Amino acid sequence: MAFDYDFLVGHAGRSVALDVLRRTKLLGTLPGKHYFYLTIDLTVPGVEIPAHLRAKYAPQLTFVLQNLFRELVVETDRFAVTLTFSGEPARLEVPINALMGLVDPSEDFGVEFPEMTPSSLREAHGLVAYVGDALAVLEPLNRVDYGASLDKVRRAVLAWTMRNVVQETGLAGPSFLELMIDNYSPGAQQNILGAVHAPEVIQKIDRTCSSFELLPNMFSYDNQHGRISLPLAAIRMARWGGDGFVMLEEAPPDVIEVDSTSAAARLQIDAQRASRAIAVFTLRQAALLGRLPFGHHFYIKFLTHFPGVVISDDLAVRHPHDMTVVIQNSYDEPACDNDAFLVTLSFGGVEQRLRIPFLSILSFRDPDAGFDSAFLEVDPSNAGRDQKFLDAALARIGQPSAIDALDYMKLEQRATRAAVVETVEYLRNEQQQLLSSERYEVTHHSGMIFAIDSRVHETLSVTTAGMSWQDGSDHREVQFSDLKAFTAHSSVGSFTLEFDKSSDLDGSPLHAIEPFHLYLVKRDIANNAGSVHEISGKDTTGKKAYYYIFVPPGREREFLSAFEDDDEVVDLDEYGIVLGSYYAEDVDERKKRQFLALYDFNK
């Protein structure tokens, strides 16, 4: 038995495309800053596309998944999406075998996939679905790590070929499998491999081996030396029959999936708990302003069944688990109470007042600022620890101000420090016993590294400013503002939080400055250098909207002439700065007064 790894890995790479589409479907929007160019072969059976598009683009069509798409459906062997071509919607249904390429310009990533033949389809039957299951555990949803994804693909292909060996009860003929094992990788059984001091061990599996067993993380079999168990994560190279081979990177463990009680998993989970405060702070700032900060808009995904959520019965039926709302143009009266965000939005032309508890939020995205964060789902019946971390992080972040600026970097630093403080406090106050395989590593900005393990953790003392402990005869003390990194190590892996060196004090006011282009606009308006125009028209989705655009003096004539042709599509960003917009059939005088007051001009 032999396998063409080049082909199998190339074909299995299609699962990476399905994975980013799956993430997009689950998030309700594109993950983070990513967007995708997909190339499909229109000649592959099963591709459904309008006839005029097939005639125009055959044999291959490349389309972008960025802004105008809807009704995305992702299955194990195909996907479907509605796109807009020349202003007209078109439904595409694509078998995964028709996908020929994926490009993500945001990551400078691109990959091509091999053409499928009837024989290759038989050889790789079920491979993409098998690999897709391996990719489904990669988190967070909103950040795509193509390096980790492709390594998962290579490992899953290896496991898939091993599964075939198991199902066929062994290797046949002269074929054999060679595996290079990292002997010091977690879980590698050095005494069984028979080379305790060797960093790498070659294991040869041939027709003399038997009793194959493939588990999610382990491959086992019998040879002349006895039972051998090989951790899949320890495999660094695989070669079939001396021919093609596949190199594998060191696989980072899926910490939360393996053991949610380990020190590494606890730190990762608690960091996510604390990061929810960034979304809460941002929403509270919008409530103080009475509108969104200039140049920002938000995507909020939340649980619709969470206690305290207020939505209409119609929305609850349409979104039985979660829904994503966009706070951008057509919104009104943003406000916050003690534990929720409130806003009025329009659904099907009908305004509804929504109440979104902070703990119900699953993800928060500000695409204009490049910020995107996903949160673990909170169990309402056991939300005490989530609320504790949220309160602690908010205390470190401080109070929002009614300014048109958001510094997400500082917000992240403060929230992450809160995760460290709460982790250390929990370790000390709850008298949690560290296992002998667990330790925390504290890296000071000076480069010094200290350890907190089962020998010393009972001597821990923690304040809002720092932590101290006794390590034998040595007294250790580290201020949280001097942290460069904080790492939790456990038997299943490690997790690290990193910090920038900053004199920024937790809890103090965030000294974010007004966006420079907003300052310039206000200055030019005050000096009558340029003008603000109120424009009404339909946006790219066909909805009636009003826009306020600042046009510099040198572009005024060109800007006005662009509207002489009623059928012409005008890109407002080409002529100036869009200060604000909202959806409405008629002018909303209250919103108009808000824009006038914001930019200190009268019109």
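Right above here is the structure, for reference.
Peer 1: Would you mind showing me how to read the packing of helix H9 (residues 263-289) against helix H11 (residues 384-397) here?
Peer 2: What describes two packed helices is the angle between their axes and the distance between those same axes. For the pair H9 and H11, the least separation of the axes is 8 Å and the interaxial angle reads 55°. Taken together, H9 and H11 sit at an angle that is classed as oblique. Crossing geometry of H9 relative to H11 is assigned as right-handed. Side by side, H9 and H11 meet where Asp270, Arg273, Ala274, Arg276, Ala277, Ile278, Val280, Phe281 and Arg284 of the first sit next to Arg385, Asp386, Phe389, Leu390, Ala393, Leu394 and Ile397 of the second. The residue inventory of the contact of H9 with H11, partitioned by class, reads 10 nonpolar, no polar and six charged.

Peer 1: What's the story with the packing of aromatic side chains in this structure? I'm lost.
Peer 2: The geometry of an aromatic ring pair comes down to the distance between the two centres and the angle between the two planes. Going through the model one piece at a time under the given rule, you end up with eight aromatic pairs. Between phenylalanine 298 and phenylalanine 364, the ring centres sit 5.1 Å apart and the planes meet at 45°, which makes this aromatic pair tilted. One end of the pair, phenylalanine 298, is in strand E15 (residues 298-303); the other, phenylalanine 364, is in strand E20 (residues 361-366), with 66 residues separating them in the sequence. This pair shows no difference in class: phenylalanine 298 is buried, exactly as phenylalanine 364 is. With a centroid separation of 6.2 Å and an interplanar angle of 75°, the aromatic rings of phenylalanine 450 and tryptophan 469 are classed as edge-to-face. Taken together, the residues span a long stretch of sequence, with phenylalanine 450 in strand E23 (residues 449-453) and tryptophan 469 in strand E25 (residues 466-471) at a distance of 19 residues. The same class applies to phenylalanine 450 and to tryptophan 469, which are both buried. An aromatic cluster is defined as three or more aromatic residues linked by ring pairs; in this entry it consists of Phe298, Phe364, Phe371 and Tyr408. Arginine 365 extends its terminal NZ or CZ atom over the ring of tyrosine 299, reaching a point 5.0 Å from the ring centre.

Peer 1: Honestly, helix H2 (residues 14-27) in this entry has me stumped. Any pointers?
Peer 2: Quick reminder: α-helices carry 3.6 residues per turn. Residues three or four places apart thus point the same way. With 14 residues, H2 extends 20 Å from end C-alpha to end C-alpha; this agrees with the ideal 20 Å at 1.5 Å per step. The buried fraction of H2 amounts to 12 of the 14 residues, a majority that puts the element mostly inside the structure. Residues Arg14, Ser15, Val16, Ala17, Leu18, Asp19, Val20, Leu21, Arg22, Arg23, Thr24 and Leu27 constitute the buried set of H2.

Peer 1: Got a minute to help me understand the pattern of salt bridges in this structure?
Peer 2: Side chains carrying opposite charge are able to pair once their charged atoms draw close together. Tallied over the entire structure, the rule returns 15 salt bridges. With a shortest N-O distance of 3.2 Å, arginine 70 and glutamate 71 are connected by a salt bridge. With a relative accessible area of 47%, glutamate 71 lands in the partly exposed category. The closest approach of N and O atoms between aspartate 337 and arginine 355, which form a salt bridge, is 3.0 Å. Note that aspartate 337 is positioned in the loop between strand E17 (331-336) and strand E18 (340-347) and arginine 355 in strand E19 (residues 350-357), a separation of 18 residues in sequence. Given a relative accessible area of 17%, arginine 355 falls into the buried group. Here the salt bridges share partners, and the residues they tie into one network are Asp270, Arg273, Arg385 and Asp386.

Peer 1: Whenever I open this one, the sheet that holds strand E5 (residues 88-95) confuses me. Can you help?
Peer 2: In any sheet, the strands associate via hydrogen bonds between backbone groups, in a parallel or an antiparallel arrangement. Strand order across the open sheet formed by three strands is E3-E4-E5, with antiparallel pairing between neighbours. Across the chains shown, the open sheet's two edge strands, defined by having one partner strand only, are strand E3 (69-74) and E5. This sheet shows a mean twist of 15° between the axes of neighbouring strands, independent of strand direction.

Peer 1: I keep staring at the pairing of E18 and nothing clicks. Help me out?
Peer 2: For E18, a buried count of seven out of eight residues is recorded, marking the element as mostly surrounded by other parts of the structure. Pairing between E17 and E18: four bridges, direction antiparallel. Paired with tyrosine 331 across the bridge in E18 is leucine 345. Taking the residues between adjacent antiparallel strands as the criterion, E17 and E18 are bridged by three residues.

Peer 1: How should I be thinking about the nonpolar core in this particular structure?
Peer 2: The tendency in soluble globular proteins is for nonpolar side chains to be buried as a group. The biggest cluster of nonpolar side chains holds 72 residues, and the ones touching the most others in it are Phe298 and Val325. Ranked by residue count, the leading element in this core is H9, at 12 residues. Membership of the second largest hydrophobic core comes to 46 residues, among which are Ile96, Phe113, Ala156 and Val157.

Peer 1: Is there a simple way to explain H9 in this structure?
Peer 2: Here H9 contains 27 residues, and its C-alpha end-to-end distance of 40 Å stays within 8% of the 39 Å for a straight helix at 1.5 Å per residue. The element H9 is largely enclosed, with a buried count of 23 among its 27 residues. Backbone geometry just downstream of H9 places glycine 290 in the positive-phi region, at approximately 80°.

Peer 1: Please clarify how the sheet that holds E15 should be interpreted in this entry.
Peer 2: Spatial strand order, E16-E15-E20-E21: four strands in an open sheet with antiparallel pairing. Of all strands in the sheet, those with a lone pairing partner are strand E16 (322-327) and strand E21 (371-374), marking the two edges. Taking the axes of each pair of neighbouring strands and ignoring which way they run, one obtains an average angle of 10° across the sheet. Sheet topology note: the E15/E20 ladder contains four bridges and is antiparallel. Among the inter-strand pairings, phenylalanine 302 is bridged to a residue of E20, identified as isoleucine 361. With respect to the sheet, H9 is in contact with E15, E20 and E21, its orientation differing from that of E20 by roughly 60°.

Reading guide: rules and limits
- Residues numbered from 1 in each chain as written.
- Predicted model: local features only at pLDDT ≥ 70, side-chain atom pairs only at ≥ 80, totals over all residues.
- Heavy atoms only, no water.
- Axes fitted to C-alpha atoms, helices over the stretch in contact; angles between N-to-C directions.
- Helix = DSSP H or I, 4+ residues; strand = E, 2+ residues; numbered from the N terminus.
- Parallel < 35°, antiparallel > 145°, perpendicular 65-115°, else oblique.
- Left-handed = near helix turned anticlockwise from the far one by under 90°.
- Contact = heavy atoms within 4.5 Å.
- Nonpolar A, V, L, I, M, F, W, Y, C, P; charged D, E, K, R; others polar.
- Phe/Tyr/Trp six-rings, centres within 6.5 Å; stacked < 30°, edge-to-face > 60°.
- Buried < 20%, exposed > 50% of the residue type's maximum accessible area, 1.4 Å probe, protein only.
- Lys NZ or Arg CZ within 6 Å of the ring centre and 35° of its normal.
- Expected span 1.5 Å × (residues − 1).
- Salt bridge = Lys/Arg side-chain N within 4 Å of Asp/Glu carboxyl O.
- Pairing = 2+ DSSP bridges.
- Core = buried A, V, L, I, M, F, W, Y, C linked by side-chain atoms within 4.5 Å.

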